[in-house]
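# Understanding the architecture of this molecule
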Amino acid sequence: MEKCLLFLVVLVLGLGPITGGWGQSERVQEAPWRIHTLFSVECQNYFDWQTVGLMHSFKKARQPGPITRLLSCTEEEKRSYRGMELAPTLEVPSMSRHPRTGDWYPAINKPAGIVHWLNHSKDAQNVDWVVILDADMIIRGPIIPWELGAEKGRPVAAYYGYLIGCDNILAQLHTKHPEICDKVGGLLAMHIDDLRALAPMWLSKTEEVREDRAHWMTNITGDIYSKGWISEMYGYSFGAAEVGLRHKINDNLMIYPGYIPREGVEPILMHYGLPFHIGNWSFSKLDHHEDDVVYDCGRLFPEPPYPREIKAMEADPNRRRALFLNIECINILNEGLLLQHATRGCPKPKWSKYLSLLRSKTFADLTRPKFPTPDTLQTKEDELQPQVSDEPGKPHPKIHTVFSTECTPYFDWQTVGLIHSFHTSGQPGNITRLLSCTDEDLKNYKGRDLAPTHYVPSMSQHPLTGDWYPAINKPAAVLHWLNHVNVDAEFIVILDADMIMRGPITPWEFNAALGRPVSTPYDYLIGCHNELAKLHTRNPEACDKVGGVIIMHIDDLRKFALLWLHKTEEVRADTAHYAKNITGDIYESGWISEMYGYSFGAAELNLRHIINSEILIYPGYVPQPGVKYRVFHYGLEFRVGNWSFDKANWRTVDVVNKCWSKFPDPPDPSMLGRTDENTLQRDLLSIECAKTLNKALLLHHERRNCSDPTSLSTSNQETSGEVTLSRKFGKSDTVLKNDSKESSKDSKESLDDSKESLKDSKELLDDSKESSEDSQKPSKDSKESSNDSKISSLSAVTNQTFSSFRFWIVYLWIFGILGFLAVMYTMLSGRRGHRKRGKNYKHNRRPSYSGYVDTYGHDRLLRNAESS
């Protein structure tokens, strides 16, 4: 009977995750490409505590893919080395003492270790992208190369501005291409093929610079010690120049604790290579060169100030944010040491206020994975050097991408999709959202941080005619941007918000030039070939039926933008020619007046377009074989089988500000039929478009620190002494179980600890509340604003409501079954107990207390006590 009850409980619990909305099973995703993270160390206590910190942050940040420590040790060092289990490790022959020159230079182990890994590790044969870090780093969020803009041949790296040797005689001596020497280091994210080409040259150039003692001086290398200690960094830069690698240089992704982050930037990596301090407290890694803190049970680095102390000492919000990053760095190091001590079997440390903070849910929430903001992803390539063209010595022109939106939920989710695809497409240059809003709309608008934005006065209601025509905001916004921003780009790429980028759109690939813009065909603009063009332009023969994607030289755009706006107003006012047979507008409402405004304005200036049909495709259209379309334009409804998507149905549904909202998932590609190749390719593109939109929304919700949608099922698991954390990428769940060896003595100590913690609970809660002030909070749902679209969005709202209702019905059913089983079990147990008492059996009951520690060291007993 008991076995049957147990089977039923397992069966019922197993149904939970399957039926619950966007649950854990859906959030576990495979990375589209394989990533491997590497870092190099030596057999020393100094690198062991750094390894503990990096490995702990690697897991906490949910970095996708495996990680390998490249451990360089001599045979003598290995005999006494204690840290072999600290990380997945590949042992590398030490080159600290150079085998040929006898030079003592341990930094050379980094390129030597990577060469060894490429030649001897099976992992190197099963990877697409490699992230290379230093040991003295803390990862704050996933480092995903293609999302940071990395491409094959274009690695992403952090900026090392002090490598002045790239700009002087040192580069001229050590590379044939000094003009493409990049001052980079620290964070490196590159394609495996690039690393294979670079690694041997990295090692060789390191040896070469190290031997060039005549040029070690500070004024040549920037090395303040003039000891050639940064030869390995120059080895990297010179080696990359030799093989023709140009980097996308980012000065925002990585920060040194002690530095003040730029406003709007969210660093995803901390490099504690320099000393930093807060008031009288300070930390320098060099002070712990021989520190065996990893192996000394219960010992941590000196605790930093508490959040409320930082708030009291610094009023400036940006400086205060920098101080919070300082304490985050050292607190994660100490949290990693606590878990490492527990792994080694150290006794449980005595309760303290600081340990309670590290184990608190508030600290766990504040240190959840961070994601780069649009400002974080801005690179220095526009500031530092032009891109290199295929023609030697001729740089590519600078590009800037713009798109126009309004202050509505409808444009917000489109913005999220376009910005995400911009960063994954490899599009060069920056992007700007032209946001047209009334002052009233702007007061309540929640989407200011969705994209780099230029604010534009709304012309939806025309200031002169009163005509309601929001499409006019596009030319008006472009004109406003040109008149109010110092644009230094040579070519401008203009897109619509309802687009997804699949690859770069560049003037050099599509042959745009001054006087020769590039665009995509809009064949339905029949007014270019009839009386409409003759009425509205002096050059009707120059009218091109184009739109969607526009690549135009900045000088052409400056002359053209005002005409674009004026011609839009002119066509919009010509209500006598709204007819379908004249305009091609199936609604005969003048809604495509802005498109004619573009074509007629260009014709006025005799701008003849290069019309390219291989840039853009509408999902639902059959693609041309072999064409790599760069843009999805999901302006029309498209469907795959019984599934469909129409952007108009989501006009007033706020999927951006409601945590974990998304669009209905398209069918799985494996379910598609294979009989018709055209239909298959059409449906695959449609699925790709929808999945990209949902991926963008998922990453957006994670950046907003939305609460874990699997928290309900996780809490059920916790009651059984087990927590399962799903990783965003891969299927490597981490399970932490209660220690079954806890004795009743430990249980009593846990109870005593919880009582002692309650004495200081008020003070601790004050700290926790203050420390969480800077964390992001989920926004409330936006109110619906447009009555004319309520019908189109009703089905989407109903589906969401039904999904939520079904979720609770299923879980109420589960708990009802569990309650019934519990009653049955109690009755059966009572009968057995009754029989035993009839035989003078005495039942003694003694209270039992046991503590539970979850993945980040939270004392569950303490939490329960505090909540009560």
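Residues numbered from 1 in each chain as written. Predicted model: local features only at pLDDT ≥ 70, side-chain atom pairs only at ≥ 80, totals over all residues. Heavy atoms only, no water.

The sheet built from three strands is open, its strands ordered β17-β22-β21 with mixed pairing. Each edge of the open sheet carries a strand with a single partner, namely β17 (499-501) and β21 (616-617). (Pairing = 2+ DSSP bridges. Helix = DSSP H or I, 4+ residues; strand = E, 2+ residues; numbered from the N terminus.)

All right, on to the packing of helix α7 (residues 192-211) against helix α9 (residues 231-242) then. Running from N to C, α7 and α9 point in directions that differ by 130°, and their axes come no closer than 7 Å. Overall, the two elements α7 and α9 adopt an arrangement that is oblique. Once α7 is placed against α9, the crossing between them reads as right-handed. Between α7, through Leu198, Met201, Trp202, Lys205, Thr206, Val209 and Arg210, and α9, the contact on the second element is made entirely by Ser231, Glu232, Tyr234, Gly235, Tyr236, Phe238, Gly239, Ala240 and Glu242. (Axes fitted to C-alpha atoms, helices over the stretch in contact; angles between N-to-C directions. Parallel < 35°, antiparallel > 145°, perpendicular 65-115°, else oblique. Left-handed = near helix turned anticlockwise from the far one by under 90°. Contact = heavy atoms within 4.5 Å.)

So, about the environment of asparagine 280. Here asparagine 280 shows up in the loop between β11 (276-278) and β12 (281-283). The spacing of asparagine 280 and proline 305 is 25 residues in sequence and 9.4 Å in space, taken between C-alpha atoms.

Attention now goes to the pattern of salt bridges. According to the stated counting rule, one finds 34 salt bridges in the structure shown. One network of salt bridges, in which partners are shared, links Asp291, Asp292, Asp296 and Arg299. (Salt bridge = Lys/Arg side-chain N within 4 Å of Asp/Glu carboxyl O.)

Once that is clear, we can look at the pairing of strand β19 (residues 546-553). A large share of β19 lies buried, amounting to eight of its eight residues. Strand direction decides the pairing type here: strand β16 (residues 491-496) and β19, joined by four bridges, are antiparallel. The residue of β19 that forms the bridge with isoleucine 492 is methionine 552. The sheet contact formed by strand β18 (residues 518-521) and β19 spans four bridges and is antiparallel. Following the sheet pairing, valine 518 is matched in β19 by isoleucine 551. (Buried < 20%, exposed > 50% of the residue type's maximum accessible area, 1.4 Å probe, protein only.)

So, on to the sheet that holds strand β20 (residues 610-611). Strand order in the open sheet made by the seven strands is β15-β14-β13-β16-β19-β18-β20, with mixed pairing throughout. The strands lining the two open edges of the sheet, one partner per strand, are β15 (453-457) and β20. In terms of strand pairing, strand β14 (residues 430-437) meets β15 through five bridges, oriented parallel. Residue pairing for β15: leucine 435 is matched across the bridge by tyrosine 455. Across the sheet, helix α17 (residues 473-484) touches β13 (399-406), β14, β15 and β16, and the angle it forms with β15 is around 115°.

What follows concerns the pairing of β16. The side chains of a regular strand alternate, first on one face of the sheet and then on the other. In terms of burial, β16 is a largely internal element, six of the six residues being buried. Here β16 shows a buried face lined by Phe491, Val493 and Leu495 and a second buried face lined by Ile492, Ile494 and Asp496. Here β13 pairs with β16 via six bridges, running parallel. Bridging across to β16, isoleucine 399 finds its partner in phenylalanine 491.

Here helix α5 (residues 109-120) spans 15 Å end to end across twelve residues, near enough to the 16 Å set by a 1.5 Å rise per residue. Listed as buried for α5 are Asn109, Lys110, Pro111, Ala112, Gly113, Ile114, Val115, His116, Trp117 and Leu118. Here the buried face of α5 lies against β1 (35-42), β2 (67-73), β3 (89-93), β4 (129-133), α7 and α9. (Expected span 1.5 Å × (residues − 1).)

The next subject is unusual backbone geometry. Only a minority of non-glycine residues have a phi that is not negative, and only a minority of peptide bonds are not trans. Positioned with a positive phi, arginine 62 is a non-glycine residue whose angle comes to about 60°. Within the fold, arginine 62 resides in the loop between α3 (45-60) and β2. Unlike most non-glycine residues, asparagine 606 shows phi in positive territory, near 55°. Topologically, asparagine 606 is positioned in the loop between α22 (593-604) and β20. Judged by relative accessible area, which is 45%, asparagine 606 ranks as partly exposed.

Turning our eyes to something else, we now look at the state of the cysteines. With the rule as written, the count across this model stands at six disulfides. Disulfide partner of cysteine 407: cysteine 437, at an S-S distance of 1.5 Å. When the S-S torsion is 80°, as for the bridge of cysteine 407 with cysteine 437, the disulfide is right-handed. Here cysteine 407 is found in the loop between β13 and α15 (409-425), whereas its partner cysteine 437 is found in strand β14, with 30 residues between them in sequence. You'll find cysteine 407 and cysteine 437 in the same group, each marked buried. Paired by a disulfide, cysteine 528 and cysteine 543 hold their sulfur atoms 1.9 Å apart. Between cysteine 528 and cysteine 543 the disulfide shows an S-S torsion of about -45°. By sign, it is left-handed. (Disulfide = S-S within 2.5 Å.)

Here the focus is the nonpolar core. Trp49, Leu133, Ile143 and Phe283 are the most contacted members of the largest nonpolar core, which totals 80 residues. Top contributing element to this core by residue count: helix α11 (residues 317-343), with ten residues. The contact partners of isoleucine 143, leaving out residues within four places of it in the chain, are Ile35, Gln63, Val131, Leu133, Leu148, Leu187, Ile268 and Leu269. Grouped together as the second largest cluster of nonpolar side chains are 70 residues, Trp413, Leu442, Ala533 and Phe600 included. (Core = buried A, V, L, I, M, F, W, Y, C linked by side-chain atoms within 4.5 Å.)

On to the side chain of arginine 433. When you line up the elements, arginine 433 lands in strand β14. Put simply, arginine 433 is tucked away with no salt bridge, and the nearest opposite charge, on aspartate 412, sits 4.1 Å away. In terms of polar contacts, arginine 433 uses its side chain to reach the backbone carbonyl oxygen of glycine 447, at 2.9 Å. Polar side-chain contacts of arginine 433 include one of 3.5 Å to the backbone oxygen of arginine 448. Apart from residues no more than four positions distant in its own chain, arginine 433 is found in contact with Phe403, Thr405, Asp412, Thr415, Tyr445, Gly447, Arg448, Leu450, Ala451, Pro452, Thr453 and His454. (Lys, Arg positive; Asp, Glu negative; His and termini not counted. Polar contact = N/O pair within 3.5 Å; in protein donor to acceptor, adjacent residues only side chain to side chain.)

Moving on to the confidence of the model for the protein chain. The pLDDT averaged across the protein chain works out to 82; a share of 78% of its residues lies at or above 70. Low confidence marks residues 712-803, where pLDDT is under 50. Its contacts with residues over four positions away, or in another chain, come to 161 contacts. In the predicted structure, residues 831-868 sits below a pLDDT of 50 and forms 59 contacts with residues beyond four places in sequence or in another chain. (pLDDT = per-residue confidence, 0-100.)

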